[in-house]
Each structure stands twice: as structure tokens, then as C-alpha cells.
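# Residue-level structural notes
So you can see what is in the structure, the chains are spelled out below.
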Amino acid sequence: MSAIRTPQPSADPDRRIDSPEGGFQQIRRVALSSLLGTVIEYYDFLLYSTMAALVFGELYFPSASGAVSTIAAFGTLAAGYVARPLGGVIFGHFGDRLGRKTMLILSMSMMGAASFLIGVLPTYATIGVAAPILLVALRIVQGIAVGGEWGGAALMVIEHAESNKRGTWAGVMQMGSPLGSLAATAAVVVVTMLPDSSFMSWGWRIPFLLSALLLAIGLYVRLSVVESPVFQEATEKAEQDKTEKIPALQILARPRALILATAVGIGPFVLTALISSHILAYGPSIGYDKADVVRAGLFTSAVGLVCIPLFSALSDRIGRRTVSLTGAICAIAFAFPMYAMVNTGSVVILTVGLMIGIAIQNALYAPLAPMLSEMFGTGVRYTGVSMGYQLASLIGAGFTPMIATSLVAAADGSSVPLSLTMIVGALCSLVGIAIIRESRGRDLTAKISSASV
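A quick note: this is a predicted structure, and the numbers were derived from the prediction, not measured.

Evaluation of the coordinates by the stated rule reveals 7 salt bridges. Of the charged contacts in the structure, one is a salt bridge between Glu159 and Arg381, with a shortest N-O distance of 2.9 Å. In this pair, Glu159 sits in the loop between helix 5 (130-158) and helix 6 (166-174) while Arg381 sits in helix 18 (residues 381-398), placing the two residues 222 residues apart along the sequence. Note on accessibility: Glu159 and Arg381 belong to one class, buried. Each of Arg166, Asp316, Arg320 and Glu374 takes part in salt bridges that share partners, so that together they form one network.

Counting residues in hydrophobic clusters, the biggest one holds 119 residues, and the most contacted among them are Met51, Val55, Phe56, Tyr60, Trp150, Trp204 and Leu372. The element contributing the most residues to this core is helix 1 (residues 23-60), with 17 residues. When neighbours within four sequence positions are excluded, Leu372 is seen to be in contact with Trp150, Ala261, Val385 and Tyr389. Counting 8 residues, the second-largest nonpolar core is a separate cluster that includes Ile40, Ile105, Val146 and Leu215.

Turning next to the packing of aromatic side chains. Here a ring pair, both rings aromatic, is described through the centre-centre distance and the interplanar angle of the planes. Counted under the stated rule, the structure contains 9 aromatic pairs. Between Tyr60 and Trp204, the aromatic rings sit 6.2 Å apart at their centres with planes inclined by 90°, giving edge-to-face as the arrangement. Here Tyr60 is found in helix 1, whereas its partner Trp204 is found in the loop between helix 8 (196-203) and helix 9 (205-209), with 144 residues between them in sequence. Taking the relative accessible area as the measure of exposure, Tyr60 reaches 1% and is therefore buried.

The grouping of Val82, Phe399, Ile403 and Leu407 at the surface amounts to a nonpolar patch, some 320 Å² of accessible area in total. Considering the arrangement of structural elements, one finds Phe399 in the loop between helix 18 and helix 19 (400-410). The class of Phe399 is partly exposed, set by a relative accessible area of 33%.

A few words now on the confidence of the model for the chain. Mean pLDDT for the chain: 83, with 88% of residues reaching 70 or above. Long-range and interchain partners of residues 1-22, a stretch whose pLDDT sits below 50, account for 36 contacts in this model, where long-range means more than four residues apart.

Bringing the side chain of Glu149 into the picture now. Counting through the fold element by element, Glu149 comes out in helix 5. For Glu149, a relative accessible area of 0% translates into the label buried. Apart from residues lying up to four places away in sequence, Glu149 is in contact with Gly37, Thr38, Glu41, Leu104, Ser107, Met108, Met111 and Arg222.

A word on helix 13 (residues 256-285). Since one α-helical turn is 3.6 residues long, residues separated by three or four positions face the same way. For helix 13, built from 30 residues, the straight-helix expectation of 44 Å at 1.5 Å per residue is met to within 8% by its first-to-last C-alpha distance of 42 Å. Burial runs high along helix 13: 25 of the 30 residues are buried. One or two steps after helix 13, the chain reaches Gly287, where phi turns positive at roughly 110°.

Let us look at the packing of helix 13 against helix 20 (residues 416-435). When two helices pack together, you describe them by how their axes are tilted relative to each other and by the distance separating the axes. For the pair helix 13 and helix 20, the least separation of the axes is 8 Å and the interaxial angle reads 155°. As far as their axial angle goes, helix 20 and helix 13 are roughly antiparallel. Taken as a pair, helix 13 and helix 20 cross one another with a handedness that is left-handed. Classifying every residue of the contact of helix 13 with helix 20 gives 15 nonpolar, 7 polar and 1 charged.

At a minimum axis separation of 8 Å, helix 14 (residues 290-318) and helix 16 (residues 347-365) run at an interaxial angle of 30°. When the interaxial angle is binned, helix 14 and helix 16 end up roughly parallel. As for the relative orientation of helix 14 and helix 16, their crossing is right-handed in sense. When helix 14 is examined against helix 16, the residues Asp292, Ala296, Phe299, Thr300, Val303, Gly304, Cys307, Ile308 and Phe311 are found in contact with a partner set consisting of Val347, Leu350, Thr351, Leu354, Met355, Ile358, Ala359, Asn362, Ala363 and Tyr365. Its residues assigned to classes, the contact of helix 14 with helix 16 comprises 14 nonpolar, 4 polar and 1 charged.

Scoring rules and cut-offs
Residues numbered from 1 in each chain as written. Predicted model: local features only at pLDDT ≥ 70, side-chain atom pairs only at ≥ 80, totals over all residues. Heavy atoms only, no water. Salt bridge = Lys/Arg side-chain N within 4 Å of Asp/Glu carboxyl O. Helix = DSSP H or I, 4+ residues; strand = E, 2+ residues; numbered from the N terminus. Buried < 20%, exposed > 50% of the residue type's maximum accessible area, 1.4 Å probe, protein only. Core = buried A, V, L, I, M, F, W, Y, C linked by side-chain atoms within 4.5 Å. Contact = heavy atoms within 4.5 Å. Phe/Tyr/Trp six-rings, centres within 6.5 Å; stacked < 30°, edge-to-face > 60°. Patch = residues over 30% accessible without salt bridge, like charges linked within 9 Å, V, L, I, M, F, W, Y side chains within 5 Å. Areas by Shrake-Rupley, 256 points an atom, 1.4 Å probe, with all protein chains shown as cover. pLDDT = per-residue confidence, 0-100. Expected span 1.5 Å × (residues − 1). Axes fitted to C-alpha atoms, helices over the stretch in contact; angles between N-to-C directions. Parallel < 35°, antiparallel > 145°, perpendicular 65-115°, else oblique. Left-handed = near helix turned anticlockwise from the far one by under 90°. Nonpolar A, V, L, I, M, F, W, Y, C, P; charged D, E, K, R; others polar.

And the structure:
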């Protein structure tokens, strides 16, 4: 493998990678590396949540009540989300001290290994109570790994990119969300074509085992990228200043930026949980065939391949706040119409409703990477971005499928609680976006305080 020359600092740190010496090739390689990491993250996320809805309840949490089993299975999904902020703190701390690249290699390895092990995990019928305990443990490992993955992947792209193209390049990285969802959904579609007995006995394991292939490809690309130039410059300055505190303590001492970053991210995660995860339990409960609901997920994932890079690039032109505010308002307006379409019983109308819903989610989600990265200074950026994003994922998506299933059961199958959940999530983002200042083009080398957010 040929060595890649590290770009040298210049008067404008945000433009250092655009020299004719191969800067474009480097940012493209960095974007591909971060894209693959995000693909693995979302592949594992959707795959686990899908199997929690389809098989984990029966295989790992047997109960006389199907609803109770499903709620218990979604509880393991929540356990992973609880671990994500912890992962954000751990990986963020060392990422801000040792570098982004090292932590990203470690997080990807942990995530892929945990997914593979889920694929070979014995069921409750084989090893009894040890099965759900091990499943929860592996989910927690996934959560810790994912907690450090997104923030580092986003920063590697954004800290290499020009200030006026951060959203555009971040959009490439964030295409990993629909690509990972598409890959997971396609894998599930294929294995659900097996006879039910084969699917339940061994077919569901195949998509988890495929994580090993994604991991090998991702590590090969990630090992070839260079460290963030913004981080390198900050490290040189930090060597002259030995008074720096632990990044997490700096963030918590002035928590305004963290609170706002968390609030902004809640809305898109609530939508993701409802559209990608909970619908797999809700759809069959109102008469849809399980396979039809899974296939609808293919179309919703395809929407993100267009909308995420579009909205992310648009945030470079009209601002992060404008794109996100539009998404939050549309989510509130579409909450009841979306479930009205889902409840028609028509697979076509269901699919269209979910496609519109995910397009709205993309408008909220796409500007997150550049927006959050521009809210924190370099010395605490990995920690701040990871903590904000992962706390939002915990609050917005960690418990949503489990709570939504319980609310629907308590409401005798009514979808009204689901629409209200969607509205509450969007309102959280709306308030956060309304408070923060526009960050587009902000100097990433400056020490940004919470007061400037």
C-alpha cells in the first residue's frame, strides 16, 4: 500500500487539503472510510432492531404473550442505546487526546465482532437464561462501539473538508445511513423468503454473519487514511498548554452546547425508530404481511440515498438551521397523515407514507454532522459531538420502539400515541434549532464555547 502524504498546514486550516498534491483524493478516501463505518453502524442497528421485532422475542425471551416477548426484545435494543453515550465519552476522550483514526479502527472492530457473535449465539432453548444475558451483553458492546463511531467518522470528514463544503462531504458520509439500512433490509428480505422453520432456526443468523465481510472491507479502507489535519494542529498547540482538563469535564462544566446538540438530534431519531423499527411490529399487528412491511423498508432506504446528500449539501448554501427547521415543521404536520396512510391496509399507500416520512427525517438528520461539529472546539469536539449525538439517540430512539409498543397495546391498537410521539420528538428538535445560532462556515480551529452556540 503506497504511503499517503499528510497535507501541511497553511494560513487557512479549512483549505489545507485542497492543494493539487492529492487533497481531493485524500478527502475522497476519508469520506469513503467514514461512509463504510456508517454503513456498518446502520446495518447493525437496523438488523438488530428488525430481528428484535421478528425473532428475538420468541427465541430469546419466550413468554405466553407475544406482546410481552416483543417488548422484552425491544428492551435489549434499548440496552445498546444506553451504552452509546458511555461509548461516546470513552472514545471521545481518547479521540480528543490520541487522535480520531485510532479510535475509529477500534470502534469498527468492536462493532463488527459483536454482530458476528450475535449470529452464532445459542438461543434460550439451547442454553437457557444465559442466552438473553449474552444477547444483552453483545448489544451493550455494540452500543459502546457505535457510541464512538459516528462522531469520529463525521469529524474525520469535516476536519478534512473546506469550510464551504463540509455539508457536501458530510452528506457522502451520512449516506451510510440509507445504504446500511438498504443492505440490512435486503438481507432480511432474502432470508425471510425461507420457510418459517428454516428462517427461525438458522436463516436469521446469516445477515449477522455477513458483518464480518463488511468489517474486513471497512478496516482495509480505514487503515489507509491519514489523521485529521485540524486535530494535528490542535495537538501541536496543546503540547504547549498542559492545563487542559478532561474533555468530558470541560463539556459538562458548560453544558449549553451539549444540551442543544442533544435536543436537535432527538427528532430524527424518533422518526427513525418509528419508521425503521417499530413499524415492523406495528404493521403485522394491523394486518400487513410481515414480508410486505420489510420490503417497504427497501423503498424508504432508497429515499435516503437521494435526500441525505441533497439536504446536507443544501445546508452549505442556505444554512444548517433552515434545513433542519423545515424538517421539524414538516414532521409535526405529517405525524397524523402518515399513520392515516399506514392504517389504510394498502401496501402501496403504506410504502408511500413511510417514504414521505423518511424524507422528512432526512431533512432533520442530514445537517447534524456539520452542525454538531461546528458547535464544539477541537480539543473537545470528538467528545462533544459523540455525547450530543448518542444522548439524542438514547432519548429519541433507545426506548421509542418499546414505549410505542406499550402505548399501542394500552390504546387498544390505536395509532394516535404514535403520531403524538412523532410530534413530541420533532418539537424537541424545533426548540433546539430555534435557540442555536447558525454555524455554517465557522472556523474549526477556534475554541468555541457554549456561549457562542
